[in-house]
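Listed here are the chains, written in short residue letters.
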Amino acid sequence: MNEAQVARIRNGKGFVAALDQSGGSTPGALARYGLGEGSWSSQKSMFELMHTFRTRIITSPAFTGEHILAAILFERTMERDLDGLGIPDYLWERKQIVPFLKIDRGLADAADGAQLMKPIPDLEALLSFGKARNVFGTKMRSLVLGGNQAGIDAVLDQQFTFAGQILATGLVPIIEPEVDIHAADKAVAEAMVTAGILERLSQVPSSQQVMLKLTIPTEANLYLELISHPRVLRVVALSGGYSRSEANDLLAANNGLIASFSRALTEGLQVSMTDEEFDAALAASIASIYAASTT
């Protein structure tokens, strides 16, 4: 494990950029960027457009380790090169940004008020790929739709089972049991998820740590015990469909919680912008999220 990267994640000021849109979320991300479905003729060309968008972000002078600690990227992005370097190495060596690999294959159908991850039959190969490309860790997302104990237990059991496999390879897993921001009992579900995580952290060996990516809580500072837990390297928050302004305001009310925004980070970026306009808009977005993450 790269100890400089460990120290950067543990102690650095900044936030995590989530640029890991994959199959299901890519059309929406491209549409917000100004590229509707008529802009591509196949899934391959759709992913090429998404790669071009991500590359524009990653190579922007606004996208640096001054404000960004880490970036989460999709497998098809991580297998590419930039400026003669694999993208994970480019992020770290040129930008001082720690690379994470999205490993989940999307969500299964809802059951008991939750959506588990679909099976990852090639998990071992995917983790080997990540290590060969010098990624620091992984990210995997589940979705909690409400305060159903059976569903929450199923989500957390699956997440921590995968986390154990990932830790055994020397990578750091980001565990993401997202609570739907539209859940009628959002605060109840968040409290249940928090309690369930605290119970399961005892499964993590004392020499290892996980990261957590959670919904910005209704009850400010709900995650303080998680943030200070010895088995937790860092706790980050997803924007979950909130606008950037609303997500920043909610995040700033939580001590020690930093952003890992996707949609909120890229809000307002347009394919029609000049490079100067694009870089200025991205810089403003990054600055506002950094401020909310360091309040």
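Here the structure is a predicted model, which is why all the values come from computation and not from measurement. (Residues numbered from 1 in each chain as written. Predicted model: local features only at pLDDT ≥ 70, side-chain atom pairs only at ≥ 80, totals over all residues. Heavy atoms only, no water.)

(A) Main features of the side chain of Arg-234. Take Arg-234: it is sitting in strand β10 (residues 232-238). Within the buried set, Arg-234 has no salt-bridge partner at all; the shortest N-O distance to an opposite charge, 14 Å, is to Glu-3. Polar contacts involving the side chain of Arg-234 include one to the main-chain carbonyl oxygen of Ile-9, which spans 2.8 Å. Within the structure, the side chain of Arg-234 is placed 3.0 Å from the backbone oxygen of Gly-12, a separation counted as a polar contact. Not counting chain neighbours up to four residues away, the residues in contact with Arg-234 comprise Ile-9, Arg-10, Asn-11, Gly-12, Leu-69, Val-210, Met-211, Leu-212 and Ile-258. (Helix = DSSP H or I, 4+ residues; strand = E, 2+ residues; numbered from the N terminus. Buried < 20%, exposed > 50% of the residue type's maximum accessible area, 1.4 Å probe, protein only. Lys, Arg positive; Asp, Glu negative; His and termini not counted. Salt bridge = Lys/Arg side-chain N within 4 Å of Asp/Glu carboxyl O. Polar contact = N/O pair within 3.5 Å; in protein donor to acceptor, adjacent residues only side chain to side chain. Contact = heavy atoms within 4.5 Å.)

(B) Just the packing of aromatic side chains, in detail. Throughout the structure, instances matching the rule amount to three aromatic pairs. Measuring from centroid to centroid gives 5.6 Å for Phe-47 and Phe-74, while their planes differ by 35°, and the two rings are tilted. Remark: Phe-74 occurs in the loop between β2 (68-73) and α4 (75-78) and Phe-47 occurs in helix α3 (residues 43-58); sequence separation between them is 27 residues. Like Phe-47, the residue Phe-74 is buried in the burial classification. Arranged with centres 5.5 Å apart and planes meeting at 75°, the rings of Phe-100 and Phe-136 form a pair that is edge-to-face. (Phe/Tyr/Trp six-rings, centres within 6.5 Å; stacked < 30°, edge-to-face > 60°.)

(C) A look at the side chain of Ser-239. Along the chain, the position of Ser-239 falls in the loop between β10 and α10 (244-252). Owing to a relative accessible area of 4%, Ser-239 belongs among the buried residues under this scheme.

(D) Layout of the pairing of strand β11 (residues 258-261). Residues Ile-258 and Ser-260 line one face of β11 and the alternating positions Ala-259 and Phe-261 line the opposite face, and both faces are buried. Where strand β1 (residues 15-19) and β11 come together, two bridges link them in parallel fashion. Its bridge partner lying in β11, Val-16 is registered against Ser-260. Following the backbone out of β10, through α10 and into the adjacent parallel β11, one traces a crossover that is right-handed. (Pairing = 2+ DSSP bridges. Right-handed = clockwise from strand over helix to strand, strands pointing away.)

(E) How the structure looks around the pattern of salt bridges. On inspection of all chains with the given rule, the structure shows 13 salt bridges. The shortest N-O distance in the salt bridge between Glu-75 and Arg-105 comes to 3.1 Å. Note that Glu-75 is positioned in helix α4 and Arg-105 in the loop between β5 (98-102) and β6 (114-115), a separation of 30 residues in sequence. Look at Arg-105 and you get partly exposed, because its relative accessible area is 30%. One network of salt bridges, with partners in common, ties together Asp-20, Lys-139 and Glu-176.

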